[in-house]
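# Residue-level structural notes
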Amino acid sequence: MASSCAPCRRSELKRNRLIYIEIFDKIILYTERFISRGRLLATLTTAKPPLHFEQYFSNCLLNFKIKQSDQYDNLAGYTANMNLRKTILLFASLILFLTLLIGYFYFASSLKHAVHLEQDKANKYISSLSITLPSHISAFQQDAKLLADHDLIREAFLNNNQKALITANTTLDYFKKNLDADVCYLMDLNGNTIASSNRNSTENFVGKNYSFRPYFKEAIQGNPYVYLALGATSKERGIYCSQPVYGKNREILQGVAVIKTSIQFLQIESSDIKNNIIALSNPDGLVFSSNRQDLLYKLLWKPAAGVLESLRENQQFGPGPWSWIGMAQEDEDHAIDAEKNRYFIHLERVEKLPGWDLIFFHNTQSISNDIYNPLFKSSSVIILSTLTLFGALIILLYLRSIHDLHKKEAAENALIESEQRFRSLSEASFEGIVIHDNGSILETNQLFAAMFGYDRPELTNRNLLELSAPESRDEVRKRIASRPESPYELVGLRKDGSTFMAEINGKTIPYKGQPQRVVAIRDITEQKQAAIEREGLITKLQKALEEINTLRGVLPICASCKKIRDDGGYWNQIESYIKNHTEAEFTHGICPDCVKKLYPDFTQNNGDKKNH
């Protein structure tokens, strides 16, 4: 126990100085212990002579790695040469590619322009035919009406004698000659031909019955009719225009007048359009006229059920067989034939002929050939020269690459041997060594695997974040991304879930031809514990020093009651102040002088007793 007298205070100060000396001794001890434990990468980078075997070994390992880096540099030099040639080859290939690309776009643009022009030409051609055919049909109908309304034709039906028929035949001859028709003829109400302009030919219609023809059936009902068909007698195609013939005052139907004209005025069959198809087809897709004779009376599209039976019954296009040419429609604008030729479709409906179409099948390959052939002839010399130069460049670069490849193989063999030696040295290291690629472990030494409680194969391709405690992973992630050279600390996570403090030092090295990170890791758990103890001692020391400094200062004390004023301005009993600012404890007694002063009777009685 301490007392408030001066000797007691001196004894307390002496005891505190002993404590301080002990604290400084421990600080010096832990500091020497901390300094004596070298770090691998810090030792590797020092230029001072090695002081311990561990530092010496680490320097040897670094020097070996520098030599290995030179081998990597040699290998990189060979690789750089090959890469240069690859770059040249790539550049030449790029030029060739761009040339071909420009040529392709030029060809595609030319082809597109040519297709556009050809389509315009085809549309104009089909449009002109679609106008020409109805206009001629209208003219033929007018001619047939003039014939049916002629008085001499009407007399032939009314009088029905030889003279009237002769006059009618003369009139028919006149119409045929002036209209340039194939034949003009008259039929009675039963469909029998009573007069015809071809009466003197081998294909004489007189006496023939054509009541089965739709143009007769419609005219006998009083309706003019236009009919395209193959002649039942003449076997020639034509346009049949029929008109009803009435008696006087147009009251009683007497017969039918017919004019048959050729379709040659369309000039479809004489067209010199090559590789393309022009066709006039009926509602069932049967070709009635075309620039290709082999397509006549054949079906463009696959026939629906009942089409062939209908053609056979009406005898409009002869006895058949009306085979399908194999054309199939891909979409509204394209079709493909049996030989896989592809066509653009240009179609116009024919006025005056319901369901009939004028179709232009435009061969897409022929358009390409029209562009490609002249272009190839003009550019073949340029293409051949370019390919020759490119081939010579490839051969030259190939020969040079073979030469460098042999050198590269020799350098790789030396590098493999060097890496094996480095691996042996790293196994003898006193620290854990790991080589990683952006956090993915490539290789470790045995000490690293043992430090984390794994077998070495288990660590391959494992991420370094898995070996870090959760509170350290953000820092590890930043360090992997920034690749600093400065050391740092983290909390390691072993396989069994236990943790330890580790110090990390890393740098970038060439590894198997690529820049990778090599990291040295050291378990500093003991050092951290020693540091914690050291910090505790230093804290105690600082606290003791603060307390001593407080007692050494000038203390304001009351001259009467002996109270001390603290820093806050409050007056405290002296024993309370000292107790709060030191480790001293107080016991209360009373000195003889105070006894005399406070208890005089007690002192006098004790004196009397002593005198007696």
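Calculation criteria
- Residues numbered from 1 in each chain as written.
- Predicted model: local features only at pLDDT ≥ 70, side-chain atom pairs only at ≥ 80, totals over all residues.
- Heavy atoms only, no water.
- Phe/Tyr/Trp six-rings, centres within 6.5 Å; stacked < 30°, edge-to-face > 60°.
- Buried < 20%, exposed > 50% of the residue type's maximum accessible area, 1.4 Å probe, protein only.
- Helix = DSSP H or I, 4+ residues; strand = E, 2+ residues; numbered from the N terminus.
- Contact = heavy atoms within 4.5 Å.
- pLDDT = per-residue confidence, 0-100.
- Pairing = 2+ DSSP bridges.
- Axes fitted to C-alpha atoms, helices over the stretch in contact; angles between N-to-C directions.

### Re the packing of aromatic side chains
Throughout the structure, instances matching the rule amount to 16 aromatic pairs. Ring geometry for Phe 205 against Tyr 210: centres 5.6 Å apart, planes inclined by 70 degrees, an arrangement best described as edge-to-face. Each member of the pair, Phe 205 as well as Tyr 210, carries the same accessibility label: buried. Three or more aromatic residues joined by ring pairs form one cluster here, namely Tyr 185, Phe 205, Tyr 210 and Phe 212.

### A look at the environment of Leu 228
The residue Leu 228 is located in strand 3 (residues 225–230) in this model. With a relative accessible area of 2%, Leu 228 lands in the buried category. For the pair Leu 228 and Leu 353, spaced 125 residues apart in the sequence, the C-alpha separation amounts to 8.9 Å. Not counting the four nearest positions on each side in its chain, Leu 228 is found in contact with Gly 238, Ile 239, Leu 280, Phe 288, Gln 316, Phe 317, Leu 353 and Trp 356.

### Description of the confidence of the model for the chain
Confidence in the prediction for the chain averages 79 pLDDT; 75% of positions are at 70 or higher. Confidence drops under a pLDDT of 50 for residues 26–59, and excluding neighbours within four residues, the segment shows 45 contacts in the predicted structure.

### Re the sheet that holds strand 16 (residues 514–523)
Taken in spatial order, the 5 strands line up as 13-12-16-15-14 in an open sheet, and their pairing is antiparallel. What marks the edges here is a single partner per strand, and that holds for strand 13 (440–444) and strand 14 (488–493). Here the average twist between neighbouring strands, direction ignored, is 40 degrees. Where strand 12 (residues 432–437) meets strand 16, 5 bridges bridge the pair, whose relative direction is antiparallel. Bridging from a neighbouring strand, His 436 pairs with Arg 517 of strand 16.

### Some points on unusual backbone geometry
Residue Pro 321 is bonded to the preceding Gly 320 through a cis peptide linkage, with omega at 20 degrees. Position of Pro 321 among the secondary structure elements: in the loop between helix 7 (307–314) and strand 8 (328–329). We note that Gln 315 has phi near 55 degrees; this positive angle belongs to a residue other than glycine. Along the chain, Gln 315 turns up in the loop between helix 7 and strand 8. Accessibility expressed as a relative area gives 43% for Gln 315, which makes it partly exposed.

### Overview of the pairing of strand 11 (residues 357–363)
Of all 7 residues making up strand 11, 7 are buried, and the element is well covered by its neighbours. Of the two faces of strand 11, the one lined by Asp 357, Ile 359, Phe 361 and Asn 363 and the one lined by Leu 358, Phe 360 and His 362 are each fully buried. Sheet topology note: the strand 6 (residues 277–281)/strand 11 ladder contains 5 bridges and is antiparallel. Counted as the bridge partner of Ile 277 is Phe 361 from strand 11. Bridge analysis of strand 10 (residues 342–349) against strand 11 gives 7 bridges, and the strand direction is antiparallel. Looking at strand 11, one finds that Phe 344 is bridged to His 362.

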